[in-house]
Amino acid sequence: MNKEEMITQFPEIALLKDEPLMNYTYTKTGGPADILAFPKNAAEVKQLVDYCRNEGIPWLVLGNASNLIVRDGGIRGVVIMLAEMNEIAVEGTTITVAAGAKLIDTTYVALHESLTGFEFACGIPGSVGGAVFMNAGAYEGEIQDVFVSCDVLLADGQIVTYHQAEMDFAYRHSALQEQQAVILTARFALAEGPQEQIKKRMDELTALRQEKQPLEYPSCGSVFKRPKGHFTGALIQEAGLQGLKWGGAQISEKHAGFIVNVDHATATDYVELIAHIQAVIKEKFDVTLETEVRIIGAHA
């Protein structure tokens, strides 16, 4: 692809050339994107996707880059970040949210409007689009519990609406993971509730996160899905791995289900440490740990 030519094609959209993705990921790791784009609305997203399709340029969408590892070789083609698409609107008990809005911000809008049902997400750092894509959850709540529908741009340029029944929600899974598509807007159904009780629950969950999770270090959040019949952190502790350092990455001493960047870690440090954990847990307990974090990009 001709990067300069593409930048001149879209003067109204912020396009950065060879931009290091470590500036955006929550692990503070990751190589460069050939082009990093920040569209402001659905029309600009469609323009970018149509251009990439017509020119044969690979593309993908990143949300808030929180539950994500970008390999040190970076990403070829165009990376679309939706951070500027962050509108949140409330009508009755329904919240309509642009995909780039932060999930945490959405929960505080719900609080302000005395709407209950979203408290579980008050500490999840991802974007709304990423949360829908992953069926994000915490503290016995998941996106599917409040989801109504989302508008999605397909790779062929169509914009369609997916409703709850079409999303195939499961633990950290949605139907959108099986195709290349962009979530543009999502709608959630909440219920009226006493604001003081909503705030109390959000405060409780925030305190739990601060107590149990290593929020003082860069990390990708929960690394592994919970294996059936087990707790990941407990398995890692029992295997004697907690605190293990691999390059600049470390299995958190506060919560063994997290890997933190303690000393200028690379994405390779993360990926190798994840593979090591998986191998040890398989050998010791015959349990297969599947990653919850997405690992994308080219090898260095």
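The rules we used
Residues numbered from 1 in each chain as written. Predicted model: local features only at pLDDT ≥ 70, side-chain atom pairs only at ≥ 80, totals over all residues. Heavy atoms only, no water. Helix = DSSP H or I, 4+ residues; strand = E, 2+ residues; numbered from the N terminus. Rg over C-alpha atoms; globule rule 2.2 N^0.38 Å. Contact = heavy atoms within 4.5 Å. Areas by Shrake-Rupley, 256 points an atom, 1.4 Å probe, with all protein chains shown as cover. Core = buried A, V, L, I, M, F, W, Y, C linked by side-chain atoms within 4.5 Å. Buried < 20%, exposed > 50% of the residue type's maximum accessible area, 1.4 Å probe, protein only. Pairing = 2+ DSSP bridges. Axes fitted to C-alpha atoms, helices over the stretch in contact; angles between N-to-C directions. Expected span 1.5 Å × (residues − 1). Arc of directions from axis to C-beta. Salt bridge = Lys/Arg side-chain N within 4 Å of Asp/Glu carboxyl O.

Caption draft 1: Layout of the overall build of the protein chain. Counting secondary structure elements, the protein chain contains seven helices and 19 strands. By the compact-globule yardstick of 19 Å for 300 residues, the protein chain fits well, its C-alpha radius of gyration being 19 Å. Taken along the three principal axes of its C-alpha coordinates, the protein chain extends 55 × 50 × 30 Å. Excluding contacts between residues fewer than 6 apart, the proportion of contacts in the protein chain whose partners are at least 24 apart in sequence is 65%. Total accessible area on the protein chain is roughly 13600 Å²; 50% of this is exposed by carbon and sulfur atoms.

Caption draft 2: Region of interest: the nonpolar core. Residues Val132, Ile143, Cys150 and Phe188 are the most contacted members of the largest nonpolar core, which totals 55 residues. A total of six residues in this core trace back to one element, the largest contributor, which is strand β13 (residues 181-189). If we skip the residues at most four places from it in the chain, Ile143 touches Leu103, Phe118, Phe120, Ala131, Val132, Asn135, Ala136 and Phe188.

Caption draft 3: How the structure looks around the sheet that holds strand β7 (residues 94-98). Within the open sheet, the five strands sit side by side as β6-β7-β13-β11-β12. Their pairing is antiparallel. Across the chains shown, the open sheet's two edge strands, defined by having one partner strand only, are β6 (88-91) and β12 (159-163). Across this sheet, the average inter-strand angle for adjacent strands is 20°, counted without regard to direction. Note that strand β11 (residues 147-154) and β12 share five bridges and pair antiparallel. Residue pairing across strands places Leu153 opposite Ile159, the latter belonging to β12. Sheet contacts for helix α3 (residues 103-112): β6 and β7; angle to β6, the most-contacted strand, approximately 30°.

Caption draft 4: Spatial organisation of the pairing of β11. Most of β11 is tucked away, with seven of its eight residues classed as buried. Between the end of β11 and the start of β12, which pair antiparallel, lie four residues, with Gly157 showing a positive phi angle near 100°.

Caption draft 5: Seen up close, helix α7 (residues 267-285). Its 19 residues give α7 an end-to-end C-alpha distance of 27 Å, which sits within 8% of 27 Å, the value for a rise of 1.5 Å per residue. Of the residues making up α7, those classed as buried are Ala267, Asp269, Tyr270, Leu273, Ile274, Ile277, Val280 and Ile281. One side of α7 holds all its buried residues, which, seen down the axis, span an arc of 155°. Looking one or two residues beyond α7, the residue adopting positive phi is Asp286, at roughly 55°.

Caption draft 6: Representation of the pattern of salt bridges within the structure. Taken as a whole and assessed by the stated rule, the structure comprises 15 salt bridges. Where Asp50 meets Lys46, a salt bridge forms, and the shortest distance between an N and an O atom there is 3.1 Å. Taken together, the positions of Asp50 and Lys46, both in helix α2 (residues 42-55) and four residues apart, correspond to about one turn of that helix. Overall, the relative accessible area of 16% leaves Asp50 in the buried class. Across the salt bridge formed by Glu292 and Arg172, the nearest N and O atoms sit 3.5 Å from each other. Highlighted residues: Glu292 in the loop between α7 and β19 (294-296) and Arg172 in the loop between β12 and β13, separated in sequence by 120 residues. Both residues of the pair, Glu292 and Arg172, belong to the buried class. Linked through salt bridges whose partners overlap, the residues forming this network are Lys3, Asp18, Asp34 and Arg76.

Caption draft 7: Looking closely at the sheet that holds strand β2 (residues 32-38). Strand order in the open sheet made by the four strands is β1-β2-β5-β3, with mixed pairing throughout. Because the sheet does not close on itself, it has two edges, and the strands there are β1 (14-20) and β3 (59-62). Along the sheet, successive strands turn relative to each other by an average axial angle of 30°, direction set aside. Note that β2 and strand β5 (residues 75-81) share four bridges and pair parallel. Bridged to Ala37 within β5 is Ile80. Contacts from α2 reach β1, β2, β3 and β5, with the element oriented near 160° to β5.

All quantities given are derived from atomic positions and should not be read as evidence of function.
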